[in-house]
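A closer look at the structure
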Amino acid sequence: MLYGRGVETDRIDHLLAEARDGRSGVLVLRGPAGIGKSALLEHAAGTAEALGMRTVRGVGIESETEMVFAALHLLLRSGLDRLDRLPAPQADALRGAFGLAPSREANRFLVGLGALTLLSELAGDGLLCLVDDAQWLDRSSADALLFAARRLEAEGVALILSARDGSHAFRPTGLPEIRLGGLGSEAAAMLLGETGGTLAPHVRDRILAESEGNPLALIELPAALTPDQRAGHVTPLAYHLGPLPLTGRMQEAFQTQIHALPEPAQTLLLVAAAESTGDLTVVLGAAQRLGIHADAVEPGERSGLIRIVDGELAFRHPLIRAAAYQGAPFTRRLAAHRALAAALDGAHDGSRHDDARAWHLAAACTGPDEIVAAELEQAAERARRRSGHAATTAAYRRAAQLSPEPREQVRRLISSAEAAMDAGQLLQARALADRAALLTDDPREHARLAGVRAAIEFEQGSPRVAHGILTTAAAPVSAVDPTRAASMLLEAVRDAWFAGAPELARQGVDRVHALALPSGHHLRPVISAMTGLAALLAGDSTRGLVPIHAALAAARRSQPGTPGDRLIIASMAFMVGDDETSMDLAARLADDCRAQGMIGWLPHALQNLATSQLYLGRFRDAQASATEAVRIADDTGQHHRVDHLQGMLAWLAAVHGDDRACTELTGRVRAHATDHGNVSSLAWAVWAQGLLALGQGRTQAALEQLEAGITGTVRYQLTTTLFVPDLVEAAVRCEQADRARAPLARFDEWATATGQPWARAVALRCKALIAGSEEETEAHYADAVSLHLNGGRPFEEARTQLLFGEWLRRNRRKADARVHLRQALDTFDRAGAVPWASRARAELRATGEATADARAAGAAGLLTPQELQIVRLAAQGATNRDIGAQLFLSPRTVGYHLHKAFPKLGVASRTELARLDLGD
């Protein structure tokens, strides 16, 4: 019976009832050791059994925190026979992660998606997943499991995790949580009365006081007492420990019980504690090598310290495992690890046993050993291929410690630091890099370390500082490895772009050109692009866009295959205003990222896709792409990406007239991007706030906001060039046209250099606004409208039509005005641009035309961004499983969203979707 946990059990029962009805949920139980987390998990298991739900269990094991995907394998192993039902990339990722097949270097988040789909397959009439001691999950398992947890929705899965307080390794941000405290005095007394046996009153009172309501202490401290201690004739052993923490006292209590066992049983428990997985065959094999027979299991089982279930040995509580291991002499622990390594030698369980053997050998080492270091390095590489970057970090770090030769030690430390970067363990990466830097004078190695330090600085600190790290380290390596030096300097130019530092960008480009790489070198297109980028950053659009045009043409011919190269091409297309090309490139890259499981690259691809969709007036699509990208970037720790995407979402909110969302999003971007010197993201926040004010008719506020951007920290960003037309309109409406002339010259230069008709049309619109005569105004407007017919940026075209219509109406040419105002209104209504549509509708009424209420935005306007994505794919004939694989959802959640969308659309089946206008 659980005493004093009524609120917690009610919460768990509700979660399970919801899962039984098909609605998923997650709950994290937090608290100190012994506080009752495991007991609540057992309550959940009993309730699930009563409801007819299936239960799967996993556990974090302290000695397995360096074993890649160990905990996830334990949780999902009962469902591995269903892997063939998963989309192939997910199934392959899980097989590779669990060592069941050669790894294809699957991203750990694709493993999480595979776990989500597999849980959905297992759910049936409801599935309970229990994960105990989550603070000891290996990092790869934790990342994958939390990735899946944040996407649980309509699978019928209840996931409950328990974790100790104070754990920094396990951070389930955003998941529902219960923090457990000690039992109240009445509940504690009831529990002690049930489990403690006969105790002298003063002993009972002492245990109640010392336990602080901790249920495990209330159970185990009395169990460690002798009869005389129970009767109060002598002071209980545990109370001689003085200020020892409660967990330490409980561990001492467990050690007392262990030491009461025969010596062979104690040794067997030590081997089991060191082995950690509970594989009875391995434990008995190692014990035999120490002269211990299988019957040594029985005393520990009789005492209740361990239990044997289905060929596996499990400790009743993690503290018993800790007591069995830490209470043994050091030399016996070494012997246990040697015996386990011998038992695993030649085992037929693939890479998983190879990894365990390497770690046991390392645990048995008391000094440098190159043979063991080499085995650990092989384990590190196996973990890297399975995207277990945290395990890779640990294996390389330990291999470095065991390396007799300094060069090998440095090489392994650098590999460990790079893996820590990939794992998002930035502080550890910095510490490893600093340690390696003290041990080497090799410029190539210092260049690799600079890459780690710069990446950390870019993510946590300042792009400007990251630039300095790379440029400083590039100088020594340029003589021995000019290609590496060039790559570092080009990365530094990119950092200068994000920092808004034109002089630093120019210096980087000059140094790259000084390396004199051959004309056919593979970095030449990138060098050309970065040369143009530096000029563009300095405000010279003419000189900047020429090499960017050339680089874009060369890149198209060479068809680069890496995601990074493809993103550069898409970015170059943005620089020259070629939105169609950029959207095509970004859409294909996003599709490839989904198909190949490149989740780490997907937020970048979706950001480019959302940007091109935004510019092309496909605002709902842009919102769907950006929202999905934020979710994935947040999961994968890409904080600068989150800033940039939220800035774009703020811009969309401004267009829609959503003051609250725009203000909230720009506040977030400003808070983080300002602290980290990321002016590229900050520029979007500035634009969004200016556009919001302009749409609301607060033209003076819009002018001041945008003018501050033109002259402030974001002034060197291309984004500030793009918001010049908004500044011009605000200035004219404030009757301060002179403040618009210099910025307009900057935009006009860029528009001419792009060669894009839409850009020249917008420049003409701006010139019309500040023209000195009616003839000149009308000529500019007419030319702008004509150029807009070539396509590109329909929102800008509608704004040109609106301004031209307003001008015509003011000049009493109402019939001519209506033509342009109707076209503008139709575009604004379809885009959901409420402030602009209201303005166009008011102008039409002023011409004497009665206008209807806001027109429907089509079927797409009835759906949420996620529903729209799902419905579009379903309309193309994709199955729920296919859709789930593309959008990183479970098939059941896809079905749930379709079920919600059909009534909104007035359809009853997937076949009817094809006749709808979904705006694609």
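The paragraphs below set out a description of the structure included in this document.

Rules of the game
- Residues numbered from 1 in each chain as written.
- Predicted model: local features only at pLDDT ≥ 70, side-chain atom pairs only at ≥ 80, totals over all residues.
- Heavy atoms only, no water.
- Helix = DSSP H or I, 4+ residues; strand = E, 2+ residues; numbered from the N terminus.
- Rg over C-alpha atoms; globule rule 2.2 N^0.38 Å.
- Buried < 20%, exposed > 50% of the residue type's maximum accessible area, 1.4 Å probe, protein only.
- Contact = heavy atoms within 4.5 Å.
- Areas by Shrake-Rupley, 256 points an atom, 1.4 Å probe, with all protein chains shown as cover.
- Salt bridge = Lys/Arg side-chain N within 4 Å of Asp/Glu carboxyl O.
- Core = buried A, V, L, I, M, F, W, Y, C linked by side-chain atoms within 4.5 Å.
- Pairing = 2+ DSSP bridges.
- Axes fitted to C-alpha atoms, helices over the stretch in contact; angles between N-to-C directions.

We now examine the overall build of the chain. Counting its secondary structure elements, the chain contains 46 helices and seven strands. Computed over C-alpha atoms, the radius of gyration of the chain comes to 33 Å, within 12% of the 29 Å expected from 2.2 N^0.38 for 920 residues, which places it in the range of a compact globule. Here the C-alpha coordinates of the chain stretch approximately 110 × 65 × 50 Å along the principal axes. Here the chain holds 920 residues, and the buried ones make up 57% of them. A separation threshold of at least 6 residues defines the contact pool for the chain, and within that pool the share at least 24 residues apart is 68%. Put simply, the chain shows about 36,100 Å² of open surface, and 52% of that area lies on carbon and sulfur atoms.

Counted according to the given criterion, the structure contains 55 salt bridges. One salt bridge in this structure joins D92 and R95, with 3.6 Å as the shortest N-O distance. Taken together, the positions of D92 and R95, both in helix α4 (residues 88-97) and three residues apart, correspond to about one turn of that helix. The shortest N-O distance in the salt bridge between R799 and E729 comes to 3.0 Å. With a gap of 70 residues between them, R799 in helix α41 (residues 794-810) and E729 in helix α37 (residues 724-733) connect regions that are remote in the sequence. By relative accessible area, which is 2% here, E729 ends up buried. By sharing partners, the salt bridges in this structure join D726, E729, R733, R799, E806 and R839 into a single network.

If you look at the biggest cluster of nonpolar residues, it comprises 193 residues, and the most contacted ones within it are L72, L159, L161, F170, W651, W750 and F828. Of the residues forming this core, the biggest block, 12 residues, is contributed by helix α34 (residues 679-695). What W651 contacts, discounting residues up to four positions off in sequence, is L614, F619, W684, W687, A688, L691 and F795.

Moving on, we come to the sheet that holds strand β5 (residues 177-179). Strands sit in the order β2-β3-β4-β1-β5 across an open sheet of five strands; the sheet is parallel. The sheet is open, and its two edges are formed by β2 (54-59) and β5, each paired on a single side. Sheet twist, expressed as the average angle between the axes of neighbouring strands with direction ignored, equals 15°. Alignment of strand β1 (residues 25-31) against β5, held across three bridges, turns out to be parallel. Bridged to V28 within β5 is E177.

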